[in-house]
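Listed below, chain by chain, are the residues.
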Amino acid sequence: MMEDAHHASMSELKCKALKEIATKLRIHSIESTNTAGSGHPTSCCSIAEILSVLFFHTMRYKVTVPKDLSSDRFVLSKGHAAPILYAAWAEAGLFPVSDLANLRKIDSDLEGHPTPRLSFVDFATGSLGQGLSCACGMAYMGKYIDKASYRVFCLVGDAESAEGSIWEAMNFASHYKLDNLCAIFDINRLGQSGPTMFQHDLNYYKNRTEAFGWNSIIVDGHDVQALCDAFNKAEMCKIKPTVILAKTFKGRDVAGVENLENFHGKALAGKGRDAVVKLKETLSNDPSLKNVLEPRPVQNDVESVELSVKLTELPHYSLGDKVAVRQAYANALVKLGKTCERLLALDGDMKNSTYSQEYGKVFPDRHIECFVAEQNMVGVALGCAARGRAIAFSSTFACFFSRAFDQIRMAAVSQAAINFCGSHPGVSIGVDGPSQMALEDIAMFRSIPNCVVFYPSDAVSCERAVELAANYEYMTFIRSTRGTTPVIYQNDEIFEIGKAKIVCQAENDSALVIGAGVTLAEAMKAADLLKEHKISIRILDPFTVKPIDSEAIIQHAKACNGKILTVEDHYLEGGLGEAVLAAVAQESGVTVRTLAVTEVPRSGPGDELLEMFGISANHIVKAVRELNE
């Protein structure tokens, strides 16, 4: 009886302590945004109890090592509530509470939305609807690759739950039975400009999330005891992921603001100051409360891993043989997989076209089928690669990555080391038609900071591109041609990021022709045709369109009378031609002519489409002759 009374007493004490922490988190959120003059304090106020319970009761983590490999993971998908995340870590003791006054200052890493500049942030969030996919990737790693005890928590705003990517992630999590994943929906009823779609209809959320295969728990999001119980139930639930549907109120405990519209994304000024005064009056400042709020101990069952990889053997092709670059992509993955048990291949139901299925046949436990959900696939890849736990390659048709551009953009903000391979680019794919033809993919990935854009022209260079990508510290994109192209490199050829290759040259070359993939093959055909007119050309294979080898381009252009012709199976805007133009922009005496697809194409045989849209060998011959007139 005395023991039961002791536990009851401890429970009451802890509940009181958790309520006080929630109050402090509200105070910090209001004060820091008032000091900054901007921010989202009302969105913070609705989740104060949720973060209090998570950080001071439920989660296992090491305060002094935020990215500890064995610790639970937390993802704030509603990134605009960053001030309260910062406040939670400050109250936990990672840094002084006084630092919260630096919110949104240019010399502070406490930015308006979380980024990995902070030691406790794994992914940049703030573009809504993306955090749950990243959490899925982390949970997948924990359950199937690390086989560890850490759990993953993701806090989702009710407004962002209108994003389709949230439901792509919900599908993925239930399909793979990620019972180590717990999502928390902050259902505070209000979005930015008005009420959310379902407002406080908690049963509707429950029916919907249960239909997606989740264990769904409705809870009062401001009741710390109820939250503690809900998180305990989530931990006990097996086979299914759990979503806690928390009914909350935006601007909680701020008079004249709580549950009212038109306060989103605004510092609360006088109303906030008045609320802080009243909230501080409720604090007991009892030092004994802090002693019951230590984070739960971590189960140290995850070890660090070495992710440096190399091909187990040289490429094995014969000069002149015609091989699809996408086949070489798969061959390289298999070779790398033999040296690294943590190389993961993800695909979006295109594995028999991208050929990533070849990796899955050899390493079925390391191939993740993400189905037709490209946005979620990118987020899952990001989650898998977080904290240096895996090397992730995601593949699909290059054109479909445009659907996930926002996720790719945010992955760059996250400084992520993830790799993409896009197959079936350009008009050369033929009769499938323009909806399947990637003609803007180079432009898209060139626009991403720190992203290397590989454009291998044969099987040998593709295998080396995959090896280099696997060891690169940031994002990469590999453009893999659908059809076969001739092998032009010896199997022991060395390739480097940012270093071009000259594939044919003579002393009297009249122009430097730059192509890649299918257009490099067309340029080589054109070189043979031009010999009939006693004209020789120098052909440059850029290997990487970003970074482009400016030095080699300028050097060889000057050796060819300053004349350059670029030819690409891509729209002109943002492609190879514009990359070359930028490379020589400061050079005098250099003329650049570009051949590219200039209008929306149509279905037809690939060779005929190259001719129709002006990027075939015949058009290269014509352009070179005009350059020499």
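So, how was this worked out
Residues numbered from 1 in each chain as written. Predicted model: local features only at pLDDT ≥ 70, side-chain atom pairs only at ≥ 80, totals over all residues. Heavy atoms only, no water. Helix = DSSP H or I, 4+ residues; strand = E, 2+ residues; numbered from the N terminus. Rg over C-alpha atoms; globule rule 2.2 N^0.38 Å. Contact = heavy atoms within 4.5 Å. Lys, Arg positive; Asp, Glu negative; His and termini not counted. Charge placed at Lys NZ, Arg CZ, Asp CG, Glu CD. 1 Å grid on protein atoms, 1.4 Å probe; cavity = no way out; pocket = protein on both sides within 12 Å on 5 of 7 lines; lining within 4 Å. Points joined across faces, edges and corners; volume = space filled by probe spheres on them. Nonpolar A, V, L, I, M, F, W, Y, C, P; charged D, E, K, R; others polar. Buried < 20%, exposed > 50% of the residue type's maximum accessible area, 1.4 Å probe, protein only. Polar contact = N/O pair within 3.5 Å; in protein donor to acceptor, adjacent residues only side chain to side chain. Salt bridge = Lys/Arg side-chain N within 4 Å of Asp/Glu carboxyl O. Pairing = 2+ DSSP bridges. Axes fitted to C-alpha atoms, helices over the stretch in contact; angles between N-to-C directions. Disulfide = S-S within 2.5 Å. Core = buried A, V, L, I, M, F, W, Y, C linked by side-chain atoms within 4.5 Å.

A. Representation of the overall build of the protein chain. Each helix and strand in the protein chain was counted, giving 22 helices and 19 strands. What you see for the protein chain is a C-alpha radius of gyration of 28 Å, in line with the 25 Å of a compact globule of 629 residues. Taking the principal axes of the C-alpha coordinates as reference, the protein chain spans close to 100 × 50 × 40 Å. Put simply, 79% of the contacts in the protein chain that link residues at least 6 apart link residues at least 24 apart. Side-chain charges of the protein chain comprise 63 positive and 76 negative groups, with the mean position of each set lying 3 Å from the other.

B. Local environment of empty space enclosed by the protein. Evaluated as defined, the whole model comprises six cavities of 30 Å³ or more. As a volume, the largest cavity reaches approximately 160 Å³. Together, 18 residues line the largest cavity, and F74, V75, F120, V121 and D122 are the ones closest to its centre. Mapped onto the lining of the largest cavity, the elements with two or more residues apiece are strand 1 (73–76) and helix 4 (82–92). Of the residues forming the lining of the largest cavity, the biggest block, four residues, is contributed by strand 1. By residue class, the composition of the lining of the largest cavity is 13 nonpolar, one polar and four charged. Of the pockets and cavities examined, the second largest cavity occupies roughly 70 Å³. As for the second largest cavity, its lining consists of 13 residues, of which L190, G191, L260, E261 and N262 are closest to the centre. Grouping the constituent residues of the lining of the second largest cavity by class yields four nonpolar, seven polar and two charged.

C. Structural context of the side chain of E463. Counting through the fold element by element, E463 comes out in helix 17 (residues 459–470). Classification of E463 by relative accessible area gives buried; the value is 1%. Separated by 2.8 Å, the side chains of E463 and K335 make a polar contact. In this structure, E463 is in contact with L311, P315, Y317, A328, N331, A332 and K335, ignoring residues within four places of it in sequence.

D. Spatial organisation of the pattern of salt bridges. Tallying each qualifying case throughout the model produces 28 salt bridges. With a shortest N-O distance of 2.9 Å, K206 and E210 are connected by a salt bridge. With K206 and E210 both in helix 7 (residues 202–211) and four residues apart, this pair spans about one turn of that helix. A salt bridge links K531 to D528; the shortest N-O distance between them is 3.8 Å. Of this pair, K531 and D528 both sit in helix 18 (residues 518–531), separated by three residues, roughly a single helical turn. On the accessibility criterion, K531 (56% relative accessible area) is exposed. Linked through salt bridges whose partners overlap, the residues forming this network are R26, E49, R252, D253 and E258.

E. Representation of the sheet that holds strand 4 (residues 215–220). Across the sheet, five strands lie side by side as 1-2-3-5-4; this open sheet has parallel pairing. The open sheet terminates on both sides in strands that have one partner only, identified here as strand 1 and strand 4. On average, each strand axis in the sheet is tilted by 20° relative to the strand beside it, whichever way the strands run. Examined bridge by bridge, strand 3 (residues 181–187) and strand 5 (residues 242–247) share six bridges and lie parallel to one another. Paired with F185 across the strands is L245, a residue of strand 5. Helix-sheet contacts for helix 8 (residues 224–236) involve strand 2 (152–157), strand 3, strand 4 and strand 5, and the interaxial angle to strand 4 is about 170°.

F. View of the state of the cysteines. Taken as a whole and assessed by the stated rule, the structure comprises zero disulfides. Cysteine C340 is unpaired, with the sulfur of C384 as its nearest cysteine sulfur at 13 Å. Counting only cysteine sulfurs, C421 is the nearest neighbor of C462, a cysteine outside any disulfide, at a range of 6.3 Å.

G. Looking closely at the nonpolar core. Membership of the largest hydrophobic core comes to 92 residues, with the highest contact counts inside it found for L132, L181, F185, F445 and M475. The element contributing the most residues to this core is helix 5 (residues 131–145), with nine residues. Counting 53 residues, the second-largest nonpolar core is a separate cluster that includes Y61, V121, C228 and A230.

Without other data, these values stay purely geometric and don't point to any function.
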